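In case you want the letters, here they are:
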Amino acid sequence: MTQESPGNVLFVVLDTVRKDRLGPYGYERDTTPGLDAFAEEATVFENAVAPAPWTLPVHASLFTGMYPHRHGADQENPYLEGATTLAETLSAAGYETACYSSNAWITPYTHLTDGFDDQDNFFEVMPGDFLSGPLARAWKTMNDNETLRSLADKLVSLGNVAHEYLASGSGADSKTPAVIDRTKSFVDDAAAADDDWFAFINLMDAHLPYHPPQEYVDEYAPGVDSTAVCQNSKEYNAGARDIDDDEWVDIRNLYDAEIAHIDDQLTRLFDWLKATDRWEDTAVVVCADHGELLGEHDLYGHEFALYDQLVNVPLLVKHPDLDGGRREDTVELLDCYHTVLDALDVDGGEPAAADEEAVPLDRTRSLLSDSYRLFADSSDPDPGQAASPDGTHGFVEYSRPVVELNQLEEKATSAGIELPEDSRFYSRMRAARSTAAKYVRIDRIPDEAYRLDEDPGETRNVASEPERASESRPEADEPDDAAVEAAETALGAFESEAGGAWTDAAEGEVSDDSLADMEEEATERLRDLGYVE
């Protein structure tokens, strides 16, 4: 670390934003002039790997430094439990911390906001102030008690129903301007108290449904009625709704309009930090938690696959210990946890409670360290470090998508379609990805592997499992080089370290008892994200 290291960190997640729709990654449409300018003074990472293709496990990994199988936050258990968060660690070290987001997963309800001194989820019926400070601790106590948890769920559902209505296409305002305003107020307050700070914000506009402000529709999707295009990915994925080429163009234009709105608002925050002389003392991390499929591989949304449009995410970091420019090496979003600790000179590793686990700073996972991704030097390697000691592979996990399956089955049934159980919709998946190749283990259908350097669109599956091919999936081609074999070997090592491969179909009906439990505990939280209706 340098003597001039910034004392503050701003961490921005562009929820559901694809790398290839941003100017810093070569998108020709002028949707992100602000990020384009930011990229000139930041380091742009071309091969950042998300640990999962959806919000909850990714944010849990960002906040704990753990892979999804270790922190356990997923759809069958939509809570982060038994882990000390980054915010708890930084607060204990004396930093002021804040989290602002309108994402329904990032709330005290899921415990993802544990440790933040201030937070707001911008729900109209249950505003974040209600769940901040002492009341947040009381809320956590309610969730930890089985009897009280159902009451907590009912309270949250009231806020969720209102949020869904107010965030519909009937003229609601985006919450992103309020997120930016609240962040500015937090920074002002921290500065007035002479406190260093960590601010985490999640900007949700690019998540379905796409209803951008009209001025952005006029510029990027002129003439498109956002209420007339398909905004339900489950209808399309189930085969109950077709989308023709013209409608895909409209959907993608609306997506671009949402990204342009995010860019304008984020630029407003960046410009304010510069105007108030805080920019130089602020390290900035900008990434997406995952991307989105917009018809590629005949899929819509971010479920049921680990293709690069979902898991090779944008990552830009501004810090004086980074040289700027572009980097082609493999990095993982998991590394951002350690990068923030390193940037603020906090070792971590002290549990906030006796029954919790806390991950200490490991400089082989800090982007700021000279030993970055020299995992052979790690004193206590995690599964990814043990599986790829030279740091060339990143790892992704996707457990059973129980909530999406329920909706998918309902859409299919209403259209008289029967979904095959041996399909990607019912599958668990894990992947190892290098800059050259990716190998994906899938428990119900044949594995997938791709030479990313030769086939970035992942159009030719070169996994060597012809005996598992089915009528619904063409027989895979034989692998032809060491890059694919290296990815498969790394994945096998990761699976071994993680407790075993997901090679057999998961036991139990994913849409039966497990979903019934979720409906009692969490279903209402998911309505405004389009996971349930």
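Residues numbered from 1 in each chain as written. Predicted model: local features only at pLDDT ≥ 70, side-chain atom pairs only at ≥ 80, totals over all residues. Heavy atoms only, no water.

Draft legend 1. Highlighting the sheet that holds strand β2 (residues 43-49). Sheet architecture is open: eight strands sit in the order β4-β3-β5-β1-β6-β9-β2-β10, paired in mixed fashion. Of all the strands in the sheet, just β4 (118-120) and β10 (325-332) have a single pairing partner and so form its edges. Looking at each pair of strands side by side, their axes are set apart by 15 degrees on average, direction ignored. Sheet topology note: the strand β3 (residues 96-101)/strand β5 (residues 197-203) ladder contains six bridges and is parallel. When the sheet's bridge partners are listed, E96 is paired in β5 with W197. Here helix α1 (residues 33-41) sits on the sheet in contact with β1 (8-14), β2, β6 (282-287) and β9 (312-318), set at roughly 60 degrees to β9. Across the sheet, helix α7 (residues 176-192) is in contact with β1, β3, β4 and β5; its angle to β5 comes to roughly 180 degrees. (Pairing = 2+ DSSP bridges. Helix = DSSP H or I, 4+ residues; strand = E, 2+ residues; numbered from the N terminus. Axes fitted to C-alpha atoms, helices over the stretch in contact; angles between N-to-C directions. Contact = heavy atoms within 4.5 Å.)

Draft legend 2. Structural detail: the side chain of H71. Checked against the element boundaries, H71 lands in helix α3 (residues 68-71). Given the relative accessible area of 4%, H71 is considered buried. At 3.1 Å, the side chain of H71 forms a polar contact with the side chain of S61. Ignoring sequence-local partners within four residues, the contact set of H71 consists of P57, A60, S61, T64, M66, L80 and E81. (Buried < 20%, exposed > 50% of the residue type's maximum accessible area, 1.4 Å probe, protein only. Polar contact = N/O pair within 3.5 Å; in protein donor to acceptor, adjacent residues only side chain to side chain.)

Draft legend 3. How the structure looks around unusual backbone geometry. Between L208 and the following residue, P209, the backbone shows a cis peptide bond with an omega angle of 0 degrees. Considering the arrangement of structural elements, one finds P209 in the loop between β5 and α8 (214-220). Backbone geometry at D277 places phi at a positive 60 degrees, although glycine is not the residue there. With respect to the helices and strands, D277 occurs in the loop between α10 (245-275) and β6. Even without glycine at this site, F304 takes up a positive phi of about 75 degrees. Structurally, F304 can be placed in the loop between β8 (300-301) and α11 (308-311).

Draft legend 4. A look at the sheet that holds strand β12 (residues 429-433). Taken in spatial order, the four strands make up an open sheet running β11-β12-β13-β14, and their pairing is antiparallel. Each end of this open sheet is capped by a strand with a single partner; those strands are β11 (394-398) and β14 (448-451). If you compare each strand with its neighbour and ignore which way they point, the axes differ by 10 degrees on average. Taken together, the five bridges between β11 and β12 define a ladder with antiparallel strand orientation. In the strand pairing of β12, Y398 is matched with M429. Its contacts with the sheet put helix α15 (residues 482-497) on β11, β12, β13 (437-442) and β14, and the angle it makes with β13 is roughly 45 degrees.

Draft legend 5. Structural detail: the nonpolar core. Ranked by size, the top nonpolar core spans 125 residues in total, and within it F11, F198, Y300 and L315 carry the most contacts. The element best represented in this core is α10, accounting for eleven residues. Every residue in contact with L315, bar those within four places of it in the chain, is listed here: Y25, T43, V44, F45, A48, V285, V286, C287, V331, C336 and L367. Of all hydrophobic cores here, the second largest spans 18 residues; its members include Y67, F395, A483 and A490. (Core = buried A, V, L, I, M, F, W, Y, C linked by side-chain atoms within 4.5 Å.)

Draft legend 6. A look at the pattern of salt bridges. Going through the model one piece at a time under the given rule, you end up with 33 salt bridges. Ionic pairing is found between R373 and E332, a salt bridge with its closest N-O pair at 3.2 Å. Here the residue R373 occupies a position in the loop between α12 (334-343) and α13 (383-387), and E332 occupies one in strand β10, the gap between them amounting to 41 residues. Of the two residues, R373 and E332, both sit in the buried class. For the salt bridge of D443 with R428, the shortest nitrogen-to-oxygen distance reads 2.9 Å. (Salt bridge = Lys/Arg side-chain N within 4 Å of Asp/Glu carboxyl O.)

Draft legend 7. Geometry of a negative patch on the surface. Taken together, the side chains of D30, E215, D218, E219 and D264 present a region of like negative charge at the surface. Sort the elements by how many residues they give to the negative patch and α8 lands first, with three residues. Within the secondary structure layout, D30 lies in the loop between β1 and α1. (Patch = residues over 30% accessible without salt bridge, like charges linked within 9 Å, V, L, I, M, F, W, Y side chains within 5 Å. Areas by Shrake-Rupley, 256 points an atom, 1.4 Å probe, with all protein chains shown as cover. Lys, Arg positive; Asp, Glu negative; His and termini not counted. Charge placed at Lys NZ, Arg CZ, Asp CG, Glu CD.)

Draft legend 8. Here's a closer look at the pairing of β14. The alternating pattern of β14 places E448 and Y450 and A449 and R451 on opposite faces, both of which are buried. In the sheet, β13 pairs with β14 via four bridges, with the strands oriented antiparallel. Directly across from V440, in β14, lies its bridge partner E448. Adjacent in sequence and paired antiparallel, β13 and β14 are bridged by five residues.

Draft legend 9. Main features of the packing of aromatic side chains. Across all of its chains, the model carries 18 aromatic pairs by this definition. Here F63 and F200 contribute two aromatic rings whose centre-to-centre distance is 4.8 Å and whose plane-to-plane angle is 75 degrees, an arrangement assigned as edge-to-face. Of this pair, F63 sits in helix α2 (residues 55-64) while F200 is found in strand β5, placing the two residues 137 residues apart along the sequence. For the pair shown, F63 and F200 are each scored as buried. Ring-pair connections join several aromatic residues into one group, and the members of that group are F11, F63, F116, F198 and F200. Over the ring of Y25 we find R326; its NZ or CZ atom is 5.8 Å from the centre of that ring. (Phe/Tyr/Trp six-rings, centres within 6.5 Å; stacked < 30°, edge-to-face > 60°. Lys NZ or Arg CZ within 6 Å of the ring centre and 35° of its normal.)

Everything listed here is a matter of coordinates, which is why it stays silent on function.
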